[in-house]
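Observations on the model geometry
Single-letter residue listing:
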Amino acid sequence: MTCRCDPPAVGGSCRRISQFVLKVHSRCDLSCDHCYVYQHADQTWRDRPVRMPPATVRAAARRIAEHAREHGLPVVHVVLHGGEPLLLGAAGLREVLAELRTTITPWARLDLRMQTNGVLLDEELCRLFVEYDVRVGVSFDGDRAANDRHRVFAHGGSSHDQVRRALALLRRPEHRASYAGILCTIDVRNDPDRVYEALVAESPPRVDLLLPHATWDDPPHRPGPEPTPYADWLGRLHRRWVDDGCPVSIRLFEALRPGGGGTEAFGLAPADVLVIEADGSWEQVDSLKTAYHGAADTGFDVFDHSVDEAARHPGVAVRQDGLAGLCATCRACPVVDRCGGGLYAHRWRTGSGFDNPSVYCPDLLRLIHTVDAHPPPTPAAQPTPHGSSAAPGSGWSAPSPVEALLDDLATGHGSASTLALLATTQLSITRALLAACRGRSGPTAAWELLVHLEQAVPEAVQAILEHPFVRPRLVRHLDSSTRPPGADAAVDPLPALAIAAAVRAGVPAALRVPVRAGAITLPTLGSLALPTWGRASR
Amino acid sequence: MDHAPTRSPRPVLDDLTRSLHTPLERIVVEHADLIEAVRRRVVTNDSVPSGSVAVAAFNSSI
């Protein structure tokens with residue numbers, strides 16, 4: 001599928017938006033004093049409906065689907081947000097999720113997410129999120145003292161136990177697929193080691209660390225004489241993380257690494273995101289609410305305006321201009337490609353608007369130096385296939401992992417360790433494609449069988465995935481352009497892979513396996529001709 | 001002038017080796033970025049706007 005508009009790179013008007021934040025409930029059951037929605041400059045929440053009405057959900061879903069269709073988007077990300085989205089209750093959330101799936105899925109793969117404080121999460125909600133393949137991020141600031149410094153109920157009571165109970169629910173094997181990670185807003189008054197330990201103890205798939213929202217008008221709290229307390233605090237946590245072997249993905253550190261790809265807060269890549277408020281208003285990113293009242297407004301809404309119209313709003317468009325959208329100071333900075341000027345909201349100053357460096361600029365610069373000075377262990381940091389590495393201070397920089405591999409292969413025949421690494425990465429790519437197929441079709445019996453077999457008899461699944469026919473089948477399933485004319489678009493390769501693995505493992509299993517061209521082909525085992533069968537065999 | 005479409009960047013080697021230690025059960029969640037990078041790289045007809053930030057892939061500070 002291709003976009004009907006001109007590509008943006010050649011000056012066309014196309015501004016594709018693939019990420020949407022849906023404010024399904026505009027109130028919250030916590031009263032965190034660092035919340036940008038209620039406690040900062042913007043107070044527009046006071047005039048919003050408490051919950052997004054069904055007609056607004058329907059209109060939003062149709063606008064997103066319309067945009068996906070018009071621009072041929074392969075995937076659309078929708079984040080259910082608030083306020084606190086769980087205040088909608090299981091029944092209300094089911095209605096929203098069903099509407100989104102029904103309306104958007106015919107046009108694009110729908111990646112559903114939710115950001116919650118976790119207080120109301122229970123088993124029924126977890127089952128709902130697994131059913132609708134929603135990945136849930138939980139806001140949690142670390143150990144009890146750190147979390148309860150800000151994240152409390154209106155009566156001042158702790159939310160720590162409730163949030164930890166929610167995280168324990170998400171960790172259960174039956175809910176684990178819906179556990180996206182933890183979002184932690186840092187406070188330099190907290191102990192970074194205790195925060196780190198509390199976060200890692202929850203076994204999150206991923207952690208993101210956020211700087212507290214601040215502007216030049218309302219600068220961040222700097223409790224001591226140190227000029228860069230945020231860099232110092234994060235640097236200490238980074239050292240601990242690296243020394244521990246990076247036991248969990250921490251997005252902030254990974255995004256700041258060279259080529260790390262960035263996030264909304266860092267890097268120069270376009271932030272193609274729009275927010276839909278509970279009353280159906282299109283808004284710019286939420287964090288702008290920290291700058292001034294009405295900062296995120298666009299004047300558009302889902303009833304009368306398309307995504308394209310909202311995306312052409314100057315405030316949205318400037319976020320996609322990369323380096324050209326930054327102030328002169330940032331454009332001249334040697335690390336601008338790493339920090340990207342910091343979070344847009346953190347640049348605000350009355351008078352010069354957003355045309356400033358981040359209020360965290362000195363911290364970001366120092367943190368980038370810290371991240372560079374203490375990189376996580378990589379194959380390059382380990383002995384090369386030749387058993388040597390560049391000595392510190394020798395004047396030679398250590399080769400990248402890929403360069404080291406190429407150097408070794410260029411000798412004529414690679415070492416055993418290099419060839420083993422290449423084989424490993426090939427298997428990893430096939431596993432990623434397998435997971436992409438799962439992402440396309442959702443959890444199926446075939447996927448569950450593969451998951452079970454990998455735990456019980458991993459060598460059986462590995463043998464299947466290493467078969468040379470498997471990767472092309474997975475690619476063909478994901479890419480309609482590589483399918484031969486007339487081929488059945490619905491053929492899912494996972495059942496045949498799962499059954500083949502089960503046979504190799506000696507595990508009894510029953511699955512419905514699609515028949516292609518009158519045969520079932522089981523990798524590593526052979527083909528079973530079934531000329532008189534229909535489209536599937538059991 | 002080369003009019004060939006720009007190919008998505010290759011996945012990071014470290015991410016590839018690390019993901020192999022993650023059970024299939026968890027790989028979809030824990031290595032969502034890697035899966036997306038591999039899909040973009042390998043599946044030729046599934047391009048996305050180059051360089052866009054996966055803000056919502058894990059809800060950062062939006």
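Every value quoted in this text rests on a predicted model; they were computed, and no experiment measured them.

**As for the overall build of chain B**
- Tallying secondary structure elements over chain B gives 3 helices and 0 strands in all.
- Each helix and strand of chain B, ordered N terminal to C terminal, gives the series α-α-α.
- For chain B, with 62 residues in total, the buried portion stands at 55%.

**What about the overall build of chain A?**
- A count of helical and extended segments in chain A gives 19 helices and 14 strands.
- Within chain A, buried positions represent 56% of all 538 residues.
- Partitioning the intrachain contacts of chain A with sequence separation of at least 6 by distance along the chain shows that 68% fall at a separation of at least 24.
- Only carbon and sulfur atoms are counted for the fraction: they give 54% of the accessible area of chain A, which is about 22,500 Å².

**A short note on the nonpolar core**
- By size, the foremost hydrophobic cluster in this structure holds 103 residues, and its most contacted members are A:Val78, A:Phe129 and A:Leu209.
- A:Ile464, A:Leu530, B:Leu16 and B:Val28 belong to the second largest nonpolar core, which has 43 residues in total.

**Notes on a nonpolar patch on the surface**
Residue and element names in this part refer to chain A.
- A surface patch of nonpolar side chains, about 370 Å² in accessible area, is lined by Val 402, Leu 406, Leu 409, Leu 419 and Leu 422.
- For the nonpolar patch, the secondary structure elements donating two or more residues are helix H14 (401–409) and helix H15 (416–441).
- With 3 residues, the top contributor of residues to the nonpolar patch is H14.
- Among the structural elements, Val 402 can be located in helix H14.

**Side note on the packing of helix H16 (residues 445–456) of chain A against helix H19 (residues 494–505) of chain A**
Residues and elements named next belong to chain A.
- Two elements in contact, H16 and H19, have axes whose closest approach is 8 Å; the angle formed by their N-to-C orientations is 35°. For the element pair H16 and H19, the recorded crossing hand is left-handed. Contacts from Ala 446, Trp 447, Leu 449, Leu 450 and Leu 453 in H16 reach Leu 494, Pro 495, Leu 497, Ala 498, Ala 501, Ala 502 and Ala 505 in H19.
- A class-by-class count of the residues in the contact of H16 with H19 yields 12 nonpolar, no polar and no charged.

**Remarks on H15(A)**
- Across its 26 residues, H15(A) extends 38 Å between first and last C-alpha, which sits within 8% of the 38 Å expected from 1.5 Å per residue.
- Just beyond H15(A), the residue with positive phi is A:Gly442, at close to 80°.

**Section: the environment of A:Val136**
Residue and element names in this part refer to chain A.
- As for its position among the elements, Val 136 is in strand E4 (residues 134–139).
- Taking relative accessible area as the criterion, Val 136 reaches 0% and is therefore assigned buried.
- Separated by 46 residues in the primary sequence, Val 136 and Ile 182 have C-alpha atoms spaced 8.8 Å apart.
- Setting aside residues up to four positions removed in sequence, Val 136 forms contacts with Met 114, Thr 116, Phe 129, Leu 170, Ser 178, Tyr 179, Ala 180 and Gly 181.

**Points about the sheet that holds strand E7 (residues 249–250) of chain A**
- Ordered in space as E7-E6-E5-E4-E3-E2-E1-E8-E9-E10 (chain A), the 10 strands form an open sheet in which the pairing is mixed. Both edges of this open sheet fall to E7 and strand E10 (297–301) of chain A, since each of them pairs with a single strand only.

**Observations regarding the packing of aromatic side chains**
All names here are of chain A.
- Counting across every chain of the model gives 7 aromatic pairs over all chains.
- Each ring, one from Tyr 38 and one from Trp 45, has its centre 4.9 Å from the other, and the planes form 85°; the classification is edge-to-face. Of the two residues, Tyr 38 and Trp 45, neither departs from the other in class, the shared state being buried.
- Pairing Trp 348 with Phe 354 gives two aromatic rings, centres 5.0 Å apart and planes at 55°, and the pair type is tilted. Here the two residues Trp 348 and Phe 354 agree in accessibility, since each one is buried.
- Three or more aromatic residues joined by ring pairs make a cluster, and in this case those are Tyr 292, Tyr 344, Trp 348 and Phe 354.
- The ring of Trp 107 carries the charged tip of Arg 69 above its face, separated from the ring centre by 5.2 Å.

**Details of unusual backbone geometry**
Residue and element names in this part refer to chain A.
- Of the consecutive residues Gly 82 and Gly 83, the connecting peptide bond is found in the cis state with omega at 15°.
- At Asp 133, a residue that is not glycine, the phi angle is positive and equals roughly 55°.
- Within the secondary structure layout, Asp 133 lies in the loop between helix H3 (123–131) and E4.
- For Cys 246, which is not glycine, the phi dihedral falls at a positive 50°.
- If you trace the backbone, Cys 246 turns up in the loop between helix H7 (229–243) and E7.
- Residue classification places Cys 246 among the buried residues on the basis of a relative accessible area of 10%.

**Comments concerning the side chain of A:Glu454**
- For A:Glu454, the location among the structural elements is in helix H16.
- If we ignore the near neighbours within four places in the chain, the residues touching A:Glu454 are A:Arg431, A:Val461, B:Pro23 and B:Leu24.

**A closer look at the pairing of strand E6 (residues 206–210) of chain A**
All names here are of chain A.
- Most of E6 is tucked away: 5 of the 5 residues are buried.
- Note that strand E5 (residues 179–185) and E6 share 4 bridges and pair parallel. Counted as the bridge partner of Ile 182 is Val 207 from E6.
- Of the crossover connections in this fold, the one passing from E5 over helix H6 (residues 192–201) to the parallel E6 is right-handed.
- When E6 meets E7, the two strands line up parallel, connected through 2 bridges. Across the sheet, Val 207 pairs through a bridge with Ile 250, a residue of E7.

**Notes on the confidence of the model for chain A**
All names here are of chain A.
- Taken as a whole, chain A shows an average pLDDT of 86; of its residues, 89% reach a score of 70 or greater.
- Ranking the elements of chain A by mean pLDDT puts strand E14 (residues 536–537) last with 60 and helix H2 (residues 89–104) first with 97.
- The low-confidence segment residues 7–11, where pLDDT is below 50, has 2 contacts with residues more than four positions distant or belonging to other chains.
- Below pLDDT 50 for its whole length, residues 379–398 participates in 17 contacts with residues either more than four positions away or in separate chains.

**Some remarks on the environment of A:Val152**
All names here are of chain A.
- In this fold, Val 152 is placed in the loop between helix H4 (144–150) and helix H5 (160–171).
- On the basis of relative accessibility, which here comes to 16%, the residue Val 152 falls in the buried class.
- When the C-alpha atoms of Val 152 and Asp 29 are compared, they prove to be 9.2 Å apart, with 123 residues separating the residues in sequence.
- Those residues in contact with Val 152 that lie beyond four places of it in its chain are Leu 30, Ser 31, Cys 32 and Gly 157.

**A closer look at the pairing of strand E1 (residues 19–23) of chain A**
Residues and elements named next belong to chain A.
- E1 sits mainly inside the fold: 5 of its 5 residues count as buried.
- Side chains of E1 alternate between two faces, with Gln 19, Val 21 and Lys 23 and Phe 20 and Leu 22 buried alike.
- Examined bridge by bridge, E1 and strand E8 (residues 273–276) share 4 bridges and lie parallel to one another. Its bridge partner being in E8, Phe 20 is matched across the sheet by Leu 274.
- Relative to strand E2 (residues 75–81), E1 runs parallel, the two sharing 5 bridges. For Gln 19, the partnering residue across the bridge sits in E2 and is His 77.
- Considered for its hand, the β-α-β crossover made up of E1, helix H1 (residues 54–71) and E2 is right-handed.

Analysis parameters
- Residues numbered from 1 in each chain as written.
- Chains lettered and ligands numbered in written order.
- Predicted model: local features only at pLDDT ≥ 70, side-chain atom pairs only at ≥ 80, totals over all residues.
- Heavy atoms only, no water.
- Helix = DSSP H or I, 4+ residues; strand = E, 2+ residues; numbered from the N terminus.
- Buried < 20%, exposed > 50% of the residue type's maximum accessible area, 1.4 Å probe, protein only.
- Contact = heavy atoms within 4.5 Å.
- Areas by Shrake-Rupley, 256 points an atom, 1.4 Å probe, with all protein chains shown as cover.
- Core = buried A, V, L, I, M, F, W, Y, C linked by side-chain atoms within 4.5 Å.
- Patch = residues over 30% accessible without salt bridge, like charges linked within 9 Å, V, L, I, M, F, W, Y side chains within 5 Å.
- Salt bridge = Lys/Arg side-chain N within 4 Å of Asp/Glu carboxyl O.
- Axes fitted to C-alpha atoms, helices over the stretch in contact; angles between N-to-C directions.
- Left-handed = near helix turned anticlockwise from the far one by under 90°.
- Nonpolar A, V, L, I, M, F, W, Y, C, P; charged D, E, K, R; others polar.
- Expected span 1.5 Å × (residues − 1).
- Pairing = 2+ DSSP bridges.
- Phe/Tyr/Trp six-rings, centres within 6.5 Å; stacked < 30°, edge-to-face > 60°.
- Lys NZ or Arg CZ within 6 Å of the ring centre and 35° of its normal.
- Right-handed = clockwise from strand over helix to strand, strands pointing away.
- pLDDT = per-residue confidence, 0-100.

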